[in-house]
Amino acid sequence: MLATLLLVFVCLVGATHSGQPNIPGKDVGQPRLDLCPFASEIYPCQCTWAVDLSEPDLYCPHIESLEQLQNIFLTAFFPTKWFWRIRVSGAPLGDLPEDLFNDVHFDEIRLNSCNITSVHPDAFRASKPYLDTLELYSNLLTDETFPWWSLSEYPKLWRVHLHHNPFSTFPTLNTSALEDINFWETPITTFTRDQLKGAPNLRILEVNPNLESFPADAYLDLGYLEELDLSNNPNLLGGQLSFGQVTLNSPNFKYLYLSNNAISNIEVDAITGVTSTRLKLFLEDNLLTTVNEDVFKPLMDRMLDGWGELDVEGNPLVCDCDMYWLLNNATFLANVRTGSCNDGQYLHDVDISTWVC
Ligand SMILES: *[C@@H]1O[C@H](CO)[C@@H](O)[C@H](O)[C@H]1NC(C)=O
Ligand SMILES: *[C@@H]1O[C@H](CO)[C@@H](O)[C@H](O)[C@H]1NC(C)=O
Ligand SMILES: *[C@@H]1O[C@H](CO)[C@@H](O)[C@H](O)[C@H]1NC(C)=O
């Protein structure tokens, strides 16, 4: 039965490629054998052949139930088990069971906006050695129903996007593959150094909009951190960044997003530690009334190779002698991307020639 199917399949494919079926891995530069299952067997999923990756790609719009999705993997004939991705969205999937995709495996699994309520630790078992991206955002996962510990069983999984789920506690991460995680739109209010230290290769961390605090030592074990996005947390630290609060420890660190956080005061050395010299500091839409020299000059000194950036638009800045150090220095001012005085003048346009400071 399978042999017959395969024969029919190869003939069909041969026909579509003008009688020249090619074996994958041979004949570089020639069209490769298309290893998609028959369209009718996987409906409503659609398989396309990703030529550059030589792996098929599965896109599944209009899935109506978990059973419908499961059945495709139980009944269709898959000439290859190795797929690039699967994408499902807007399907009512609920609880994801063991071996959801049977023995078919993926590099990327994207099941977004599917009202997923739980994930079995072995739901994606066949993909464990291969998976590099897992997207399960806008679902209904909680601390109890997503098996965080199982991420340590995915040696290549570097990108995990689970934002917009009702997680309330930051998980204790234990995965050296993880590089990119975000918790946007979750009820999470804090995290600790201990919860992060099991993900020592983390490059990108984003948490909002309910973050209230984090300890000063939170980032000390993240020696590869590049981007910390704590924007849009209106209750973060009461709007006060005190001495040492954001202590970084990564020579690759470049992007610090603190926009829209009701920050009214930043103490000297509140943002400190090891960073790149291409620091970009995003502080738009806060309540800062000045760009204080003692606070900001050490930060601007981390931007002197021409790739740094300070963004302070949307703060009620009072442009007076306290800001002369900045407005009078073309090198510093070149790194100010956005910012205006509270009278509406751009920082770059302020005429300081008549100032007596
Ligand atoms: C998810 O659940 C909500 C609330 O019951 C419902 O309105 C929505 O249509 C569901 N979405 C899907 C994709 O089933
Ligand atoms: C972390 O994961 C590794 C590998 O799976 C495991 O051996 C270890 O016990 C885990 N550590 C913790 C603290 O869970
Ligand atoms: C601007 O700041 C840089 C870096 O601190 C300094 O080298 C330079 O002399 C300053 N320029 C002026 C005009 O103050």
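Above this note sits the structure.
Residues numbered from 1 in each chain as written. Chains lettered and ligands numbered in written order. Predicted model: local features only at pLDDT ≥ 70, side-chain atom pairs only at ≥ 80, totals over all residues. Heavy atoms only, no water.

**Q** Describe the overall build of the protein chain, and please don't skip the residues or the numbers.
**A** A count of helical and extended segments in the protein chain gives seven helices and 19 strands. Relative to the globule expectation of 21 Å for 357 residues, the C-alpha radius of gyration of the protein chain, 26 Å, shows a markedly less compact shape. Partitioning the contacts of the protein chain with sequence separation of at least 6, the portion at a separation of at least 24 is 60%. Entry remark: accessible area of the protein chain is about 16100 Å², with carbon and sulfur atoms responsible for 52%. Measuring between centres, the 19 positive side-chain charges of the protein chain sit 10 Å from its 47 negative side-chain charges. (Helix = DSSP H or I, 4+ residues; strand = E, 2+ residues; numbered from the N terminus. Rg over C-alpha atoms; globule rule 2.2 N^0.38 Å. Contact = heavy atoms within 4.5 Å. Areas by Shrake-Rupley, 256 points an atom, 1.4 Å probe, with all protein chains shown as cover. Lys, Arg positive; Asp, Glu negative; His and termini not counted. Charge placed at Lys NZ, Arg CZ, Asp CG, Glu CD.)

**Q** Provide a residue-level description of the pairing of strand β1 (residues 46-50), including the pertinent values.
**A** In terms of strand pairing, β1 meets strand β2 (residues 55-60) through five bridges, oriented antiparallel. Looking at β2, one finds that Gln46 is bridged to Tyr59. A loop of four residues connects β1 with β2, the two strands running antiparallel in sequence, and Ser54 in this loop sits at a positive phi of about 55 degrees. (Pairing = 2+ DSSP bridges.)

**Q** Talk me through the site of ligand 3; I want residue IDs and the actual numbers.
**A** The environment of ligand 3 is made up of Lys297, Asp301, Asn328, Asn329 and Phe332. Note that an oxygen atom of ligand 3 is positioned 2.3 Å from one of the side-chain N or O atoms of Asn329. Burial of ligand 3 by the protein amounts to 43% of the accessible area it has alone, namely 360 Å². (Near = heavy atom within 4 Å. Polar contact = N/O pair within 3.5 Å; in protein donor to acceptor, adjacent residues only side chain to side chain.)

**Q** If you had to explain the pattern of salt bridges to someone new, which residues and values would you point to?
**A** Within this structure, the stated rule accounts for 17 salt bridges. For Lys128, the salt bridge identified is with Glu153, shortest N-O distance 2.5 Å. In this pair, Lys128 is assigned in the loop between β6 (116-119) and β7 (133-135) and Glu153 in the loop between β7 and β8 (159-161), connecting sequence segments 25 residues apart. Assessed through its relative accessible area of 35%, Glu153 is described here as partly exposed. A single network of salt bridges, built from pairs that share partners, joins Glu98, Asp99, Asp122, Arg125, Lys128 and Glu153. (Salt bridge = Lys/Arg side-chain N within 4 Å of Asp/Glu carboxyl O. Buried < 20%, exposed > 50% of the residue type's maximum accessible area, 1.4 Å probe, protein only.)

**Q** Now, about the environment of Leu157: what can you tell me, with residues and values included?
**A** Relative to the helices and strands, Leu157 resides in the loop between β7 and β8. Judged by its relative accessible area of 1%, Leu157 is buried. Sequence separation between Leu157 and Glu179 is 22 residues; the distance between their C-alpha atoms is 8.4 Å. Apart from residues no more than four positions distant in its own chain, Leu157 is found in contact with Leu131, Asp132, Thr133, Leu134, Leu151, Thr175, Ala177 and Leu178.

**Q** Account for the nonpolar core, with residues named and values stated.
**A** For soluble globular proteins, the rule of thumb is that nonpolar side chains tend to be buried together. Judged by nonpolar contacts, the single largest core of 98 residues is most densely connected at Phe124, Phe191, Leu205, Tyr219 and Phe296. Contact partners of Phe296, with chain neighbours within four places excluded, come to Ile266, Leu281, Leu283, Leu288, Thr290, Val291, Leu310 and Trp325. (Core = buried A, V, L, I, M, F, W, Y, C linked by side-chain atoms within 4.5 Å.)

**Q** Describe the state of the cysteines, naming the residues involved and giving the relevant values.
**A** In the structure shown here, the tally under the stated rule is four disulfides. Residue Cys319 pairs covalently with Cys341 via a disulfide, S to S 2.0 Å. Torsion about the S-S bond of the Cys319 and Cys341 cystine: about -95 degrees, corresponding to left-handed handedness. Taken as a pair, Cys319 in the loop between β18 (309-311) and α6 (324-327) and Cys341 in the segment after β19 (336-338) lie far apart in primary sequence, 22 residues in all. (Disulfide = S-S within 2.5 Å.)

**Q** Pulling in residues and values, what's your account of the environment of Glu267?
**A** Of note, Glu267 is situated in the loop between β15 (265-266) and β16 (271-274). Measuring from C-alpha to C-alpha, the distance between Glu267 and Cys321 comes to 19 Å, with 54 residues separating the pair along the chain. A distance of 2.9 Å separates a polar atom in the side chain of Glu267 from the backbone nitrogen of Phe243.

**Q** Residue-level account of helix α3 (residues 66-75), with values.
**A** Those residues of α3 that sit buried are Leu66, Leu69, Ile72 and Phe73. Here the buried residues of α3 occupy an arc of 130 degrees about the axis, which is enough to place them on one side. Exposed residues on α3 whose side chains face more than 90 degrees from its buried face are Leu74 and Thr75. Looking at the buried residues of α3, the elements they touch are α2 (39-42), β2, β3 (82-89), β4 (94-96) and β5 (105-112). (Arc of directions from axis to C-beta.)

**Q** Tell me what's going on with unusual backbone geometry, and back it up with residues and numbers.
**A** In this model, Tyr43 is joined to Pro44 through a cis peptide bond whose omega is 5 degrees. One non-glycine residue, Asn102, lies in the positive phi region at around 55 degrees. Turning to its location among the elements, Asn102 is positioned in the loop between β4 and β5. Positive phi is not limited to glycine here, since Ser138 has a value of about 55 degrees. On the secondary structure map, Ser138 appears in the loop between β7 and β8. The class for Ser138 is partly exposed, based on a relative accessible area of 22%.

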